[in-house]
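Each chain is listed here by its residues.
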Amino acid sequence: MARVFSGIKPTGEMQLGNFCGAIQHWVAGQPAPGTPAADAGDAVFCVVDLHAMTVPYDPADLRRLTRELATLLLASGLDEQRSLLFIQSHVGGIHSECTWLLNNTATIGELRRMTQFKDKSQGQESVSVGLFNYPVLMASDILLYDTEEVPVGDDQRQHVELTRDIAMRFNARFGETFMIPRATYPPSGARIMDLQNPTKKMSKSGGDSPGCVFVLDDPKRIAKKIKSAVTDSDTDIRYDTEAKPGISNLLDLYAAATKSTLGEAASHFDGQRYGDLKVAVADAVVAMLEPVQARYAELSADPAEVDRILAHGAQRAAERATPVLDRMRDAVGLLRPAIR
Ligand code: AMP
Ligand code: TRP
């Protein structure tokens, strides 16, 4: 099984785009139940709290959102027996040191070209070094676990490409140190759009809005948001993101929620009305999220169990990442301490 790593920021509540574009595939890609322990632990997932600090935030919110997000990832089906879940700052020393070492391989020019940096820094009076450096920390997350595959939504394409470039440059300069990872994308749901503005991607950072469905929204609210989705004044249902972004987004959601292909979704609704499509999408999304919500209610009543899983995850993550960091230290010429 390929070694997998991915992360999610606790900058807000998990939304439907996160679930369809990433989480669902993290869960599905875990080793099969009963895989021998020696082969398990190959799927590593991280709540990237250090990344969440690169935009303005409230410290109390960060702490609460970090715990909620970890709980929700477990409720979504990440399984301690089959994968490793940890909070980035719990092994923050290792990730930060790796970032510092990689800072000398990454260049200002390539970081400046990152569209996420451009979007988030645009119009700001002052831009933090953290926001600029964000992709190098992300490269560290990935490279520290000898990652082969990074399951992400479409918006992370450029960051994973940069990670590959940094890793290859480092290997060329200092000798073979890193595995070269590649991004993997889901067949549907890789880019879920805002329901009210289907040319903009759905995002948790905008707070509660009618265009964004949160995984923990109650079913009535989910249905209401989906049924109010902006479409177009035409009547035929087909997948065409240019001409019909709203309808295409609903088809994408349907495919992701029912695990069918886009082609199957489009032909299923051929000849039906927009209203029928909306009802079917709402039902499918509610059916997909209801078990997650039920499990979340159970788990959030047992914070000690979540703490235990996260503590164990952090310990295993440190065991995995430390030898890779040591490899880097040796490669770049740092003197090993005599006693460790
Ligand atoms: P973030 O919330 O930015 O930390 O994203 C966590 C994961 O969800 C990443 O793999 C993103 O690519 C994915 N993701 C975020 N928003 C969307 C979206 N609207 N559609 C599909 N995937 C998304
Ligand atoms: N930048 C990613 C996002 O916004 C989050 C992230 C941080 C990540 N480190 C990662 C994703 C490592 C995959 C692998 O979604």
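What you see is a predicted model; the values in this text were computed from it and never measured.

Procedures and definitions
Residues numbered from 1 in each chain as written. Chains lettered and ligands numbered in written order. Predicted model: local features only at pLDDT ≥ 70, side-chain atom pairs only at ≥ 80, totals over all residues. Heavy atoms only, no water. Core = buried A, V, L, I, M, F, W, Y, C linked by side-chain atoms within 4.5 Å. Buried < 20%, exposed > 50% of the residue type's maximum accessible area, 1.4 Å probe, protein only. Helix = DSSP H or I, 4+ residues; strand = E, 2+ residues; numbered from the N terminus. Near = heavy atom within 4 Å. Polar contact = N/O pair within 3.5 Å; in protein donor to acceptor, adjacent residues only side chain to side chain. Areas by Shrake-Rupley, 256 points an atom, 1.4 Å probe, with all protein chains shown as cover. Nonpolar A, V, L, I, M, F, W, Y, C, P; charged D, E, K, R; others polar. Axes fitted to C-alpha atoms, helices over the stretch in contact; angles between N-to-C directions. Parallel < 35°, antiparallel > 145°, perpendicular 65-115°, else oblique. Left-handed = near helix turned anticlockwise from the far one by under 90°. Contact = heavy atoms within 4.5 Å. Phe/Tyr/Trp six-rings, centres within 6.5 Å; stacked < 30°, edge-to-face > 60°. Expected span 1.5 Å × (residues − 1). Pairing = 2+ DSSP bridges.

*Asks:* Tell me what's going on with the nonpolar core, and back it up with residues and numbers.
*Replies:* Ranked by size, the top nonpolar core spans 61 residues in total, and within it Met14, Leu16, Ile23, Leu73 and Ile226 carry the most contacts. A total of 13 residues in this core trace back to one element, the largest contributor, which is helix α12 (residues 274–300).

*Asks:* A description of the site of ligand 2 should follow, citing residues and the corresponding values.
*Replies:* In the vicinity of ligand 2, 13 residues are found, and the nearest of them are Lys9, Tyr134, Met138, Asp141 and Gln156. A distance of 2.7 Å separates a nitrogen atom of ligand 2 from a polar atom in the side chain of Asp141. Between ligand 2 and Gln156 there is a distance of 3.0 Å, counted from a nitrogen atom to a side-chain nitrogen or oxygen. Coverage of ligand 2 by the protein chains reaches 92% of its 360 Å² of free accessible surface. Examining the composition of the shell around ligand 2, we find that 4 residues originate from one element, helix α7 (residues 129–143), more than from any other. Across the shell around ligand 2, the residue classes tally to 7 nonpolar, 4 polar and 2 charged.

*Asks:* Outline the packing of helix α9 (residues 219–227) against α12, supporting the account with residue identities and numerical values.
*Replies:* Where α9 contacts α12, the axes come no closer than 9 Å and their chain directions differ by 150°. The angle between α9 and α12 falls in the class roughly antiparallel. In the crossing of α9 with α12, the sense of the turn from one axis to the other is right-handed. Taken together, the residues of α12 that come into contact with α9 (itself represented by Pro219, Ile222, Ala223, Ile226 and Lys227) are Lys278, Val279, Val281, Ala282, Val285, Val286, Leu289, Glu290 and Gln293. For the contact of α9 with α12, the residue count by class is 10 nonpolar, 1 polar and 3 charged.

*Asks:* Would you mind going over the packing of aromatic side chains in detail, with residue names and values included?
*Replies:* Summed over all chains, the structure comprises 8 aromatic pairs. Arranged with centres 5.7 Å apart and planes meeting at 45°, the rings of Phe86 and Tyr145 form a pair that is tilted. Note that Phe86 is positioned in strand β3 (residues 84–87) and Tyr145 in the loop between α7 and β4 (149–151), a separation of 59 residues in sequence. Comparing Phe86 with Tyr145, the two get one shared label, buried. Look at Tyr254 and Phe269: their rings are 4.8 Å apart centre to centre, the planes differ by 80°, and that puts the pair in the edge-to-face class. Of this pair, Tyr254 sits in helix α10 (residues 245–258) while Phe269 sits in the loop between α11 (262–268) and α12; the two residues are 15 residues apart in sequence, bridging distant segments of the chain. Accessibility assignment for this pair places Tyr254 and Phe269 in one class, buried. Here the aromatic cluster, defined as three or more aromatic residues joined through ring pairs, consists of Phe5, Phe86 and Tyr145.

*Asks:* Describe the site of ligand 1, listing the residues and the values that go with them.
*Replies:* The environment of ligand 1 is formed by 18 residues, the closest being Lys9, Gly153, Asp155, Ile192 and Lys204. The side chain of Asn18 places a nitrogen or oxygen atom 3.0 Å from an oxygen atom of ligand 1. Between ligand 1 and Ile192 there is a distance of 2.8 Å, counted from a nitrogen atom to a backbone nitrogen or oxygen. In isolation ligand 1 offers 480 Å² of accessible surface; the protein chains occlude 94% of this area. Contributing elements (two or more residues each) for the shell around ligand 1: β1 (4–8) and α1 (16–28).

*Asks:* Just give me the short version of the side chain of Thr54, but keep the residues and values in it.
*Replies:* Within the secondary structure, Thr54 is located in the loop between α2 (49–52) and α3 (59–76). Here His51 takes part through its backbone oxygen, which lies 2.7 Å from a polar atom of the side chain of Thr54. Beyond its immediate chain neighbours, meaning those up to four positions away, Thr54 contacts Ser128, Gly130, Leu131 and Tyr134.

*Asks:* Break down α10 for me, with residues and values.
*Replies:* Here α10 contains 14 residues, and its C-alpha end-to-end distance of 20 Å stays within 8% of the 20 Å for a straight helix at 1.5 Å per residue. Along α10, 12 of the 14 residues are buried, which leaves the element largely enclosed by surrounding structure. Residues of α10 that are buried include every one of Gly246, Ile247, Ser248, Asn249, Leu250, Leu251, Asp252, Leu253, Tyr254, Ala255, Ala256 and Ala257, and no others. Its buried side turned inward, α10 meets α1, α9, α11 and α12. Positive phi shows up at Lys259, right after α10, with a value of about 55°.

*Asks:* Summarise the pairing of β1; cite the residues concerned and give the values.
*Replies:* Most of β1 sits inside the fold, with 4 of its 5 residues counted as buried. Bridge analysis of β1 against strand β2 (residues 43–47) gives 5 bridges, and the strand direction is parallel. If you follow Val4 over to β2, its bridge partner there is Ala43.

*Asks:* Can you break down unusual backbone geometry residue by residue, with the values?
*Replies:* Phi at Asp146 is positive, roughly 50°, even though this residue is not glycine. Structurally, Asp146 can be placed in the loop between α7 and β4. What makes Asp146 buried here is its relative accessible area of 18%. The backbone of Lys259 sits at a positive phi, close to 55°, despite the residue not being glycine. Its location among the elements puts Lys259 in the loop between α10 and α11.

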